Amino acid sequence: MRHPATAHWVVPAGGGPNLRELASRPERFEHHLVPVATIGTVQLELATASEPLYFAHVNYSDEYALALPTGDVMIEAFPMRTFLGDAAERDAGRYNHKVGDLVLHPVGVPHWPGRLRAPYAPMDMLPGMRRCGMSLVYCATAPTPAGTLPTAADARAKPYVEPAPRMSIVSVMQVTGVIAAVGDTTLSVVDGPVELPRGGWVIVLAGDRPGELVRASAGDRVSGFARALVFASAVREPDDWAPAWARLPEPPFGAFEDAAPGALPFAAGALRVAEADGGCARVAIGSASALIPRYWAARTLFRWALHNYRLGSIETYGGLRFADGGDGSRLAIELGDASTPVTPAIVEALYRAIAPAGYVERAT
């Protein structure tokens, strides 16, 4: 059984664990980032989505994102755009990219894939029309300094400010060799068999079983593919298989449709949320106030919880930010210079109150 939005994917039968199979499980959510391969504090995360991302994110390390092929020709022809920000909350640059392009989200810089323009209306999809893409994210789970850029940006990367942010974009089907580095690990593209002195993870890009993930022990030789990504370290062996291969992580609270909805107005500490026109809510913290699209705010709140309040800092449309200290120890909602602490119970209550009528979390 597969998620309805992946009905057009080509999922190879047989072979070993496959990223396409994992991302097409019916129990997964939109933008459900799950670690699929780790080496120490560096990991590959898998994400699948049929909607643009609804928040900007500041990551702990250089982060490289790659939209992977799924066999769905419509998704693979879709153009994508990712914006980078700066400390002054300006656009600092953007990438125009597509499936097969690896793009750098530099450490400390907000990045926002698929950002919409006002009025930020959600996509109106007929039943059976939703289609998903799949992405692989290469990053660290602890603060990690920026590394050397193995590949440079080209015309698909456009800086908006001087000095320009660090940018890199490379098409994985057109190059071989090291294309990215995080911590003491590298991500490489290889054609044909590969021998791994310290072991590593091999992701098949082209061959009979695209999307297959192979764990190689030290000294293993991996073959049976035409082209692959290799995630490896020169100093350590790969960890064991991630728990997600046995079972996807459960959210800390149920999806919107699993419990009674809340209602506006909503208040918790210094936070006040009231109804507004145009699918928005008026959110205020002290004297700071903004109109926030309710649909995308609800999507963001659930993702914050789904990822165990370990996203660091994220910001949705209208400037509403959610901060967690990176380890879930200090949850806060921020607007401008104003901030108010919150608890997981408050996050769930706000989620159920701010979601608009007809909202569902399990998008099909």
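Calculation criteria
Residues numbered from 1 in each chain as written. Predicted model: local features only at pLDDT ≥ 70, side-chain atom pairs only at ≥ 80, totals over all residues. Heavy atoms only, no water. Helix = DSSP H or I, 4+ residues; strand = E, 2+ residues; numbered from the N terminus. Areas by Shrake-Rupley, 256 points an atom, 1.4 Å probe, with all protein chains shown as cover. Expected span 1.5 Å × (residues − 1). Buried < 20%, exposed > 50% of the residue type's maximum accessible area, 1.4 Å probe, protein only. Phe/Tyr/Trp six-rings, centres within 6.5 Å; stacked < 30°, edge-to-face > 60°. Contact = heavy atoms within 4.5 Å. Salt bridge = Lys/Arg side-chain N within 4 Å of Asp/Glu carboxyl O. Pairing = 2+ DSSP bridges. Axes fitted to C-alpha atoms, helices over the stretch in contact; angles between N-to-C directions. Polar contact = N/O pair within 3.5 Å; in protein donor to acceptor, adjacent residues only side chain to side chain.

Attention now moves to the overall build of the protein chain. The secondary structure content of the protein chain amounts to four helices and 26 strands. Principal-axis analysis of the C-alpha atoms gives the protein chain an extent of 60 × 50 × 35 Å. Within the structure as shown, the protein chain displays about 15,600 Å² of accessible surface, and the carbon and sulfur contribution to it stands at 56%.

Once that is clear, we can look at the environment of Ala 357. Relative to the helices and strands, Ala 357 is located in the segment after α4 (344-354). Expressed as a C-alpha distance, the spacing of Ala 357 and Val 273, which sit 84 residues apart in the sequence, is 16 Å.

Another aspect to go through is helix α3 (residues 294-306). Taking 1.5 Å per residue as the helical rise, α3 with its 13 residues ought to reach 18 Å, and the 18 Å between its terminal C-alpha atoms agrees with that figure. Burial of α3 is extensive: 13 of the 13 residues sit out of reach of the surface. Positive backbone phi, at 60°, marks Asn 308, one or two positions downstream of α3.

A few words on the packing of aromatic side chains. One pass over the full model with this rule turns up 20 aromatic pairs. An angle of 20° between the planes, with centres 4.4 Å apart, marks the rings of Tyr 120 and Tyr 317 as stacked. Of this pair, Tyr 120 sits in the loop between β8 (111-113) and β9 (133-140) while Tyr 317 is found in the loop between β23 (313-316) and β24 (320-323), placing the two residues 197 residues apart along the sequence. The class for Tyr 317 is buried, based on a relative accessible area of 3%.

Glancing now at the environment of Pro 12. By the secondary structure assignment, Pro 12 is in the segment before α1 (19-23). On the accessibility criterion, Pro 12 (17% relative accessible area) is buried. Contact partners of Pro 12, with chain neighbours within four places excluded, come to Asn 18, Arg 20, Asp 208, Arg 209 and Pro 210.

Oppositely charged side chains are able to pair whenever their charged atoms sit close together. This model, assessed by the stated rule, comprises 21 salt bridges. Salt-bridge contacts for Asp 72 lead to Arg 131; the nearest nitrogen and oxygen are separated by 3.0 Å. Of the two residues, Asp 72 sits in the loop between β4 (63-68) and α2 (73-76) while Arg 131 sits in the loop between β8 and β9, which places them 59 residues apart along the sequence. Like Asp 72, the residue Arg 131 is buried in the burial classification. Residues joined by salt bridges that share partners form a network here, namely Glu 51, Arg 130, Arg 299, Arg 303 and Glu 361.

To continue, consider the sheet that holds strand β7 (residues 101-105). Read from one edge of the open sheet, six strands run β1-β2-β9-β4-β7-β11, paired in antiparallel fashion. A strand with exactly one partner marks an edge of an open sheet, and here the two such strands are β1 (34-39) and β11 (169-171). Between one strand and the next, the sheet's axes are offset by a mean angle of 20°, whatever the strand orientation. Summarising the sheet, β1 and strand β2 (residues 42-49) pair through five bridges and their orientation is antiparallel. Looking at the pairing, Ala 37 lines up with Leu 44 of β2.

For α4, the set of buried residues is Val 347, Leu 350, Tyr 351, Arg 352, Ala 353 and Ile 354. Packed against the buried residues of α4 are β19 (266-268), β20 (271-275), β21 (280-285), α3 and β25 (332-335).

Moving on: the side chain of Ser 50. Along the chain, the position of Ser 50 falls in the loop between β2 and β3 (55-58). Polar side-chain contacts of Ser 50 include one of 2.6 Å to the side chain of Glu 30. When sequence neighbours within four positions are dropped, the list of residues in contact with Ser 50 reads Glu 30, Met 123, Met 125, Arg 130, Arg 131 and Cys 132.

Here strand β5 (residues 80-85) pairs with strand β6 (residues 91-97) via six bridges, running antiparallel. Among the inter-strand pairings, Thr 82 is bridged to a residue of β6, identified as Tyr 95. Direction of pairing for β5 relative to β8: antiparallel, over a ladder of three bridges. Along β8, the bridge assignment pairs Phe 83 with Trp 112.

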